[in-house]
Amino acid sequence: MSETYFDIIPHADGWAYLFEGRQSAVYPSYRLAAEAARNCSEQLAGNRRKFVLRLQDLRGRMHEVEGRSDVWLPAGRATTAQLGGAGQA
């Protein structure tokens, strides 16, 4: 099975994703860009390829992002829900 990469990259106006060398529209948040990349991958799911979401760090290196049902987050980042709701009123 071949892998297809969706790269989430910072943009001057927010975040975008790259797929097959083409840049998406720019989104105001990482979460929206990740959701758009996930939606695009779901539309292409019939091609039976493995889709990998990667995030570009400040040094230009790409890091694979762990999948989640609600949104793809950078590997190693904990959400408020994962921390037991810390900080929620």
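Anything mentioned here points back to the structure above.
What you see is a predicted model, and the numbers here were worked out from it, not measured in a lab.

Colleague: Help me out: how do you make sense of the overall build of the protein in this one?
Modeller: Of the regular secondary structure elements, the protein holds one helix and six strands. Counting over 89 residues, the protein shows a buried share of 34%. Considering only contacts within the protein whose residues lie at least 6 apart along the sequence, 40% involve residues at least 24 apart. In the form shown here, the protein has an accessible surface area of approximately 5,900 Å², with 48% of it arising from carbon and sulfur atoms.

Colleague: What exactly am I supposed to notice about the pattern of salt bridges here?
Modeller: It is possible for side chains bearing opposite charge to pair when their charged atoms get close. Evaluated as defined, the whole model comprises four salt bridges. The residue R54 makes a salt bridge to D7 at a minimum N-O spacing of 2.7 Å. Of this pair, R54 sits in strand 4 (residues 50-56) while D7 sits in strand 1 (residues 3-11), and the two are 47 residues apart along the sequence. For the salt bridge of E42 with R38, the shortest nitrogen-to-oxygen distance reads 3.9 Å. Of the two residues, E42 and R38 both sit in helix 1 (residues 30-43), four residues apart, roughly one turn of that helix. Accessibility expressed as a relative area gives 51% for E42, which makes it exposed.

Colleague: Just to check I follow, could you spell out the side chain of S41 for this structure?
Modeller: Inspection of the secondary structure assignment puts S41 in helix 1. At a separation of 2.7 Å, a polar atom in the side chain of S41 contacts the main-chain carbonyl oxygen of R38.

Colleague: Is there a simple way to think about unusual backbone geometry in this case?
Modeller: For residues other than glycine, phi is negative in most cases, and the peptide bonds are mostly trans. Despite not being glycine, E20 shows a phi value in the positive range, around 50°. Here E20 lies in the loop between strand 2 (14-19) and strand 3 (22-23).

Colleague: I would appreciate a short explanation of the packing of aromatic side chains in the present structure.
Modeller: The geometry of an aromatic ring pair comes down to the distance between the two centres and the angle between the two planes. In the structure shown here, the tally under the stated rule is three aromatic pairs. With 5.7 Å between their ring centres and 55° between their planes, F6 and Y17 make a pair best called tilted. On the criterion of sequence distance, the pair formed by F6 in strand 1 and Y17 in strand 2 is long-range, its members being eleven residues apart. Grouping residues by exposure puts F6 and Y17 together as buried. Judged by centre distance (4.5 Å) and plane angle (5°), the ring pair of F6 and F19 falls under stacked. Of this pair, F6 sits in strand 1 while F19 sits in strand 2; the two residues are 13 residues apart in sequence, bridging distant segments of the chain. The exposure classification of F6 matches that of F19, with both residues buried. Members of the aromatic cluster, each reached through a chain of ring pairs, are F6, Y17 and F19. Note that R54 overlies the ring of Y5, its terminal NZ or CZ placed 4.1 Å from the centroid.

Thresholds applied
Residues numbered from 1 in each chain as written. Predicted model: local features only at pLDDT ≥ 70, side-chain atom pairs only at ≥ 80, totals over all residues. Heavy atoms only, no water. Helix = DSSP H or I, 4+ residues; strand = E, 2+ residues; numbered from the N terminus. Buried < 20%, exposed > 50% of the residue type's maximum accessible area, 1.4 Å probe, protein only. Contact = heavy atoms within 4.5 Å. Areas by Shrake-Rupley, 256 points an atom, 1.4 Å probe, with all protein chains shown as cover. Salt bridge = Lys/Arg side-chain N within 4 Å of Asp/Glu carboxyl O. Polar contact = N/O pair within 3.5 Å; in protein donor to acceptor, adjacent residues only side chain to side chain. Phe/Tyr/Trp six-rings, centres within 6.5 Å; stacked < 30°, edge-to-face > 60°. Lys NZ or Arg CZ within 6 Å of the ring centre and 35° of its normal.

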